[in-house]
Amino acid sequence: MNRYPWWKYLIILAVVLPSLLYALPNFYGWYAAVEVRAPVGTLLPPVASMQDWLQAARIPVTRVVSDAAGNTFFFPNDNAQGLAETLLQNKLPASAQVVLSQMSAEPDWLSSLGGRPVNLGLDLRGGVYLLLRVDTDAVIKHALEQDSGSLRTFLRHQDLQYLAVNTIGPQRLAIEMKNATLAARAQKAVAEHYPDYAVTLQPNAVLDVTLTPDAAKRMKSDALQQAIVVIRNRIDELGVSEPVIQRQGTEHIAVQLPGVQDTQRAKSIIGSTAQLEFKMVDGQANMAAALKGDLPPGTALFYGAHGTPYVLYTGTVLTGRYLSNASAGVDNDNGQSIVNVSFNNEGTRIFGDLTTKNVGKRMAILLDGKVVTAPVIREAITGGRAQITGFSNLKEASNAAIELRAGALPAPVHIAEERTVGPTLGQDSIHDGVMAVIFGMLFVVLFMTFYYRAFGLIADLAILVNILAILAVLSLMGGTLTLPGIAGIVLKIGLAVDANVLVFERIREELRHGMSTRAAIDTGFKKAFATIVDSNITVLIAALVLFQFGTGAIKGFALVLTIGVITSMFTATMMSRGIIELALGKRRVQKLYI
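Residues numbered from 1 in each chain as written. Predicted model: local features only at pLDDT ≥ 70, side-chain atom pairs only at ≥ 80, totals over all residues. Heavy atoms only, no water.

(A) Representation of the nonpolar core within the structure. Counting residues in hydrophobic clusters, the biggest one holds 43 residues, and the most contacted among them are F455, F504 and I507. Counting residues per element, the ones that place at least two in this core are α1 (6-23), α13 (423-452), α14 (454-477), α15 (483-512), α16 (517-549) and α17 (553-584). Among the elements that line this core, the one with the most residues is α14, at 10 residues. I175, M177, A183 and A205 belong to the second largest nonpolar core, which has 26 residues in total. (Core = buried A, V, L, I, M, F, W, Y, C linked by side-chain atoms within 4.5 Å. Buried < 20%, exposed > 50% of the residue type's maximum accessible area, 1.4 Å probe, protein only. Helix = DSSP H or I, 4+ residues; strand = E, 2+ residues; numbered from the N terminus.)

Written out as structure tokens, the structure reads:
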């Protein structure tokens, strides 16, 4: 009789059946598609009109799906997809998002059960890879500038007379006090109120205020994390599906944008600081003197997009952090491209007070330190809405609106490395990777069948289930399959066979010692189990270390290897044993062909 417990067969079924089901979407292939989305404030033409445009250009469309997010057009091949993207970008408003995409061809009943194919990495799908360096030193510099102004106000409120507050280093300020007695009092007050600074008393009644290493490290880490959030929001606005955004080291961010081919637009939107500021214009300043460097106190010289100089007060009266929304559009009066911005409740109050007190004066609106426009305040604006002009075209205004909606980066971002992977190269990689898996599997099947006969076929079946289980787990967890990930699958085929070889060789050894067939199978699995666990745990530890400290391709390899270790331990022990016991059934087998 079958001595294998029935509950173990239930566990095997509970693992194998979902693995088959959720690995299935990966075998249906993909449709070439173009997604058309409308950000807030953008009105799209009817779907029928867009279909007419495509039909007139003789671009074949297989089907169209419309939902709340927009419309998705499906095409029979990549060539039609590319032509459709170009056509729709030229005909639709500049603020509309036209995104190349790949949609799974799985049936609706499978997607309704939560089935979806594995996400393909940049090296398989094609797209853009950017390594961004966040200028974290600029964060420290900005903090010192703010704190120097804050210190002046604090000392005045504490009735501590000072002579000057100067920046004397990248992380140091010097406060010159009137006398030593005031300096001693100020040292205690500043140290209590500014815990991020180490305050020491120097000769001549000077306080040395230095940012502590822990505070500097925290500020840089917070800036990097905030930059990741802002970049993710901007990429979401671009409509890129399955982006990968990872922190890399202390000041770098790795960004992968699968399917993106418009490299320049992606770089300009991701890398732009998008710091929106409102400053008042000094209308009494002598521009000729200002251009020679003779500026009134509390002012600075700024320039517009076309080199127009402006003398502005250095104090920022309002910033972009008070925005609630921004959208591109066209001014109905003059046809100029504009960005309509709306403020939150606090921003509405500040903007209303500002315009009320400064009617008749000019207020400059700056984006990343450049004056976009400097209109005259004609009347008080209390509705919490404003209009930014000065853009050369609607595309430029649309990009600015995306940046403002996503928020400003806390520090300038520089592109340290850039790589573009074409979709053709990605398809070649997929083909080569799949062929590697097929040939690897084929050679293993032939070897195991030749060397272990019927038991080899059982091992081959377990390996096949192991591969399907890896795909199923990746699909369920939303993991990304990369080219190194495919290499991990090929490696796991060999490691899974290794576990079966340990079991089968142990069974052979017990049979040579004269043990009965049933007892040899039982002993073989039991004695080999500890060795299998030990060898797989060492691989698992290595995979987890790679996953924790690796990035990009290394992380993809480690992810597949980690999943493969867990699934192969199950298939090589419990599943193989269950199939063997089921095949033997109640028969009294005198000889095993192994």
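(B) Expanded view of the sheet that holds strand β16 (residues 318-319). Strand order in this open sheet of four strands is β16-β13-β19-β20, and the pairing throughout is antiparallel. Looking at which strands have only one partner, the edges of the open sheet turn out to be β16 and β20 (370-373). (Pairing = 2+ DSSP bridges.)

(C) Looking closely at the packing of aromatic side chains. Under the defined criterion, the tally for this structure stands at 11 aromatic pairs. Here Y31 and F74 contribute two aromatic rings whose centre-to-centre distance is 5.8 Å and whose plane-to-plane angle is 80 degrees, an arrangement assigned as edge-to-face. You can see Y31 sitting in strand β1 (residues 30-37) and its partner F74 sitting in strand β3 (residues 70-75), a full 43 residues away along the chain. Through successive ring pairs, a cluster of aromatic residues spans F447, Y451, Y452, F455 and F504. In this structure, K91 packs its charged tip against the face of W53, placed 5.7 Å from the ring centre. (Phe/Tyr/Trp six-rings, centres within 6.5 Å; stacked < 30°, edge-to-face > 60°. Lys NZ or Arg CZ within 6 Å of the ring centre and 35° of its normal.)

(D) Expanded view of the confidence of the model for the chain. On average, residues of the chain score 83 in pLDDT, and 93% of them reach the 70 mark or higher. Across the chain, strand β10 (residues 206-211) holds the top mean pLDDT of 92, while helix α9 (residues 263-271) sits lowest at 71. (pLDDT = per-residue confidence, 0-100.)

(E) Layout of the packing of helix α2 (residues 47-56) against helix α3 (residues 78-91). The N-to-C vectors of α2 and α3 enclose an angle of 125 degrees; their axes lie 11 Å apart at closest approach. Viewed along their axes, α2 and α3 adopt a mutual orientation that is oblique. Where α2 crosses over α3, the handedness of that crossing is right-handed. Residues M50, W53 and L54 of α2 form the contact with α3, whose own contacting residues are A84, L87, L88 and K91. The class makeup of the residues in the contact of α2 with α3 is six nonpolar, no polar and one charged. (Axes fitted to C-alpha atoms, helices over the stretch in contact; angles between N-to-C directions. Parallel < 35°, antiparallel > 145°, perpendicular 65-115°, else oblique. Left-handed = near helix turned anticlockwise from the far one by under 90°. Contact = heavy atoms within 4.5 Å. Nonpolar A, V, L, I, M, F, W, Y, C, P; charged D, E, K, R; others polar.)

(F) The arrangement of the side chain of E510 in detail. Mapped onto the fold, E510 is located in helix α15. Ignoring sequence-local partners within four residues, the contact set of E510 consists of M515, A520, T523 and K527.

(G) Representation of the sheet that holds strand β21 (residues 385-391) within the structure. Here three strands make up an open sheet; going across it, the order is β17-β18-β21 and the pairing antiparallel. For this open sheet the edge positions go to β17 (323-330) and β21, each flanked by a neighbour on one side alone. Direction aside, neighbouring strands of the sheet carry axes that sit 25 degrees apart on average. Running over the sheet, helix α11 (residues 345-357) touches β18 (337-343) and β21 and is turned about 110 degrees from β18.

(H) Expanded view of the pairing of strand β13 (residues 276-280). Most of β13 sits out of view: five of its five residues are buried. What you see with β13 is no split at all: L276, F278 and M280 on one side and E277 and K279 on the other are buried throughout. Pairing between β13 and β16: two bridges, direction antiparallel. Its bridge partner lying in β16, E277 is registered against T319.

(I) Region of the structure containing the environment of H252. In this structure, H252 sits in strand β12 (residues 252-258). With 295 residues separating them in the primary sequence, H252 and F547 have C-alpha atoms 18 Å apart. When residues no more than four places from it in sequence are discounted, the contact partners of H252 are L131, L132, R133, L224, Q246, R247 and A416.

(J) Region of interest: α11. When the terminal C-alpha atoms of α11 are compared, their 19 Å separation across 13 residues agrees well with the 18 Å that a helix rising 1.5 Å per residue should span. Every buried residue belonging to α11 is among G347, T348, I350, F351, G352, L354 and T355, and all of these are buried. Looking at the packing, one finds that the buried side of α11 touches β13, β16, β18, β19 (363-367) and β21. (Expected span 1.5 Å × (residues − 1).)

(K) Structural view of unusual backbone geometry. A positive phi angle, close to 60 degrees, is found at R58, a residue other than glycine. Counting through the fold element by element, R58 comes out in the loop between α2 and β2 (63-67). A residue is classified by how much of its surface remains accessible, and R58, at 77% relative accessible area, is exposed.

(L) Main features of the pairing of β12. Most of β12 sits out of view: six of its seven residues are buried. One ladder, built from seven bridges, connects strand β6 (residues 127-134) with β12; its direction is antiparallel. Within the sheet, the bridge partner assigned to L132 lies in β12 and is I253. Of the strand pairs in this sheet, strand β11 (residues 244-248) and β12 are connected by five bridges, and their pairing is antiparallel. The residue bridging Q246 from the neighbouring strand is A254, located in β12. Where β11 folds back on β12, the antiparallel hairpin that results is connected by three residues, among which G249 adopts a positive phi of roughly 75 degrees.

(M) Up close: the pattern of salt bridges. One pass over the structure, following the stated rule, counts 13 salt bridges. With a shortest N-O distance of 3.1 Å, E581 and R577 are connected by a salt bridge. Taken together, the residues E581 and R577, both in helix α17 and four residues apart, mark about one turn of the helix. Classification of E581 as buried rests on a relative accessible area of 1%. A single network of salt bridges, built from pairs that share partners, joins R518, D522, K526, R577 and E581. (Salt bridge = Lys/Arg side-chain N within 4 Å of Asp/Glu carboxyl O.)

(N) View of the packing of α1 against α17. One way to put it is that α1 packs onto α17 with a least axis distance of 10 Å and a crossing angle of 120 degrees. Considered as vectors, α1 and α17 are oriented oblique to each other. The hand of the α1/α17 crossing is left-handed. Facing α1, whose interface residues are K8, Y9, I11, I12, V15 and V16, α17 presents F570, M574, M575, G578, E581 and L582.

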